[in-house]
Amino acid sequence: MKILFAAAEVAPLAKVGGMADVVGALPPILKKMGHDVRIIMPYYGVIPDKLKENPEWIWKGYAMFQEFDIFQTVLPGTDVPLYLVGHGAFIPARIYGGDDEDWRFTMFANAVAEFAWNYWKPNVIHCHDWHTGMIPVWMHQVSDIGTVFTIHNLAYQGPWRWFLDKITWTPWYMDAHNTMAGGIKYADRVNTVSPTYAQQICTPTYGEGLEGLLSFLKPWGILNGIDTDLENPATDTALVQNYSVETLDDRLANKIALQKELGLAVNPATFLIGMVGRLVEQKGLDLLLQTLERYLAYTDAQFVVLGTGERYYESQLWQIAARYPGRMSAQILFNSALSHRVYAGSDAFLMPSRFEPCGLSQLIALRYGSVPIVRRTGGLVDTVSFHDPIGQVGTGFCFDRYEPLDMYTCMVRAWESYRYTDAWRLLQERGMNSNFSWQSSADKYVQLYRSIPGLENV
Ligand SMILES: Nc1ncnc2c1ncn2[C@@H]1O[C@H](COP(=O)(O)OP(=O)(O)O[C@H]2O[C@H](CO)[C@@H](O)[C@H](O)[C@H]2O)[C@@H](O)[C@H]1O
């Protein structure tokens, strides 16, 4: 089958969050399964430095009264062809933000449609989030290109219809008020990235205003995986000491190194909680700000947060860290190597999300032996189970209600459990032995493509 992935983020070339990891990991696996998979993304100013060779110019197209160029290369470390949409709007190094965000991604979507119509015609275009939402709308009028639309983050829905009318061609049949709604309504198949979140978005609490449409369409829920070659503590070059589930004692060197690197009191016995992620409301930052100081005051635990996002959260975390020197570190930056050292050096990993389509951070934490403390929502329900020290089952600490006290209690439970070292080690081992590889999800995506009429036997 010929499959074209279209996305605003693709790891390792342009990454802000988890969507980049998915679009960087799934195509190589589908390719190994024998499909002709290619990726198309904007040619951002950050990309040239990350490529060994200059991409080759292959085609010129027109979209929204603009000329754009298509360059071809391969996704680094793979043999998956990668097309880059070159236009002045993408030259700045930023990926998101800026006054022209709605315009530039609508232009990107338009360029992808032109490319698929005129240069390389796939059987299916796999679109990701609102940036590509207009592609299913336009493709609705051709019968030989199918579309799949994957929701990674329903909270960001893209430009409104009145703005689209001004800048691009919105077909007469388009009956959707923004690009996210358009993608969902007109794609041949819609999915999100975990079974639980697929059900939750059909309700007003999680549907972000699109629950009516979603409950009518019933999206598929296909759990994300992680690249187990890339996210592997046994080979990770960012760590001071590699380890595996068989050599778990070696892991401690990473904790001591992390404490030293971040200026925490060096003590291997101190319970260390890590957190890595975008500092936005979705990630449960308001719960954290209500409880963290009390937690630091009540326990002897240490806390490390790595992330960037909303200024308010960044400055609040930074201020708490300033009040607890040696106990807490706030790293307000994006740094993949450091994130791996946090996964490898922390005892537990906090993810108290308000909503979570799937979540990759908790999967990486499990693989690195950092025990997740999560709110049971979305993909966190599907990937982390209750720790029961008597029955020796479960992989993490979970709480249900989005309430500060519930999170606080859960964090205290984790802190106390850490003192029972034998049970803790078994808990770590169960997490590290969990299987979150991409293969079974890739099989489900192929089923999803094949469920589109006409693609059953391609
Ligand atoms: N400051 C920083 N420095 C280094 N690395 C950082 C970082 N901040 C975040 N990361 C990395 O970015 C990734 C975050 O992925 P997640 O899936 O957990 O969340 P995100 O909300 O971005 O993704 C959205 O899309 C994905 C993919 O579908 C869904 O799993 C998820 O639920 C949805 O919200 C992880 O690999 C993490 O290590």
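No experiment lies behind these values; they were computed from the predicted model shown.

Caption draft 1: Here's a closer look at the domain arrangement of the protein chain. When cut into domains, the protein chain gives domain 1 (2-225 + 438-450) and domain 2 (245-432). When each unit is reduced to the centre of its C-alpha atoms, the spacing between domain 1 and domain 2 is 32 Å. Listed per partner, the contact involves 22 residues of domain 1 and 18 residues of domain 2. Carbon and sulfur atoms supply 61% of the area that domain 1 and domain 2 bury against each other, a total of about 1,400 Å² over both sides. Ranking the residues of domain 1 by area buried against domain 2 places Thr 196, Tyr 197 and Tyr 206 at the top, with a combined share of 27%. On the surface where domain 1 and domain 2 come into contact, there are zero salt bridges. For the pair domain 1 and domain 2, the interface holds seven residue pairs in polar contact (both at pLDDT 80 or more). Counting residues per element, the ones that place at least two in the side of domain 1 that touches domain 2 are α1 (18-32) and α6 (195-200). For the side of domain 1 that touches domain 2, the residue count by class is nine nonpolar, ten polar and three charged.

Caption draft 2: Quick peek at the site of the ligand. Taken together, 30 residues lie near the ligand, and His 152, Arg 278, Tyr 343, Glu 356 and Gly 359 sit nearest. At a separation of 2.5 Å, an oxygen atom of the ligand approaches a polar side-chain atom of Glu 356. Burial of the ligand by the protein amounts to 97% of the accessible area it has alone, namely 720 Å². Mapped onto the shell around the ligand, the elements with two or more residues apiece are α1, α11 (336-345) and α12 (361-367).

Caption draft 3: A look at the UniProt feature "domain: Starch synthase catalytic" (unreviewed entry) in the protein chain. UniProt feature "domain: Starch synthase catalytic" (unreviewed entry): in the numbering of this structure it lies at residues 2-215. Helix makes up 30% of residues 2-215 and strand 23%. Its end C-alpha atoms lie 30 Å apart.

Caption draft 4: Seen up close, the packing of helix α9 (residues 285-298) against helix α14 (residues 404-417). Two elements in contact, α9 and α14, have axes whose closest approach is 9 Å; the angle formed by their N-to-C orientations is 40°. Here α9 and α14 pass one another in a crossing that is right-handed. Across the interface between the two elements, Leu 287, Leu 288, Gln 290, Thr 291, Arg 294, Tyr 295 and Tyr 298 of α9 pack against Pro 404, Met 407, Tyr 408, Met 411, Val 412 and Trp 415 of α14. Split by residue class, the contact of α9 with α14 holds ten nonpolar, two polar and one charged.

Caption draft 5: Highlighting the sheet that holds strand β5 (residues 81-86). If you trace the nine strands from one edge of the open sheet to the other, you get β3-β4-β5-β2-β1-β6-β7-β8-β9, paired in mixed fashion. Unpaired on one side and paired on the other, β3 (56-63) and β9 (220-221) mark the two borders of the sheet. Two strands pair when backbone bridges link them, and strand β7 (residues 146-151) and strand β8 (residues 189-192) are joined in this way by four bridges, in the parallel orientation. Its bridge partner lying in β8, Phe 149 is registered against Val 190. Its contacts with the sheet place helix α5 (residues 179-186) against β7 and β8, and it is angled at close to 130° to β7.

Rules and cut-offs
Residues numbered from 1 in each chain as written. Predicted model: local features only at pLDDT ≥ 70, side-chain atom pairs only at ≥ 80, totals over all residues. Heavy atoms only, no water. Domains from an automatic or database assignment. Contact = heavy atoms within 4.5 Å. Buried area = accessible area lost by both parts, 1.4 Å probe. Salt bridge = Lys/Arg side-chain N within 4 Å of Asp/Glu carboxyl O. Polar contact = N/O pair within 3.5 Å; in protein donor to acceptor, adjacent residues only side chain to side chain. Helix = DSSP H or I, 4+ residues; strand = E, 2+ residues; numbered from the N terminus. Nonpolar A, V, L, I, M, F, W, Y, C, P; charged D, E, K, R; others polar. Near = heavy atom within 4 Å. Areas by Shrake-Rupley, 256 points an atom, 1.4 Å probe, with all protein chains shown as cover. UniProt positions renumbered as here; feature names shortened; annotations may be inferred. Axes fitted to C-alpha atoms, helices over the stretch in contact; angles between N-to-C directions. Left-handed = near helix turned anticlockwise from the far one by under 90°. Pairing = 2+ DSSP bridges.

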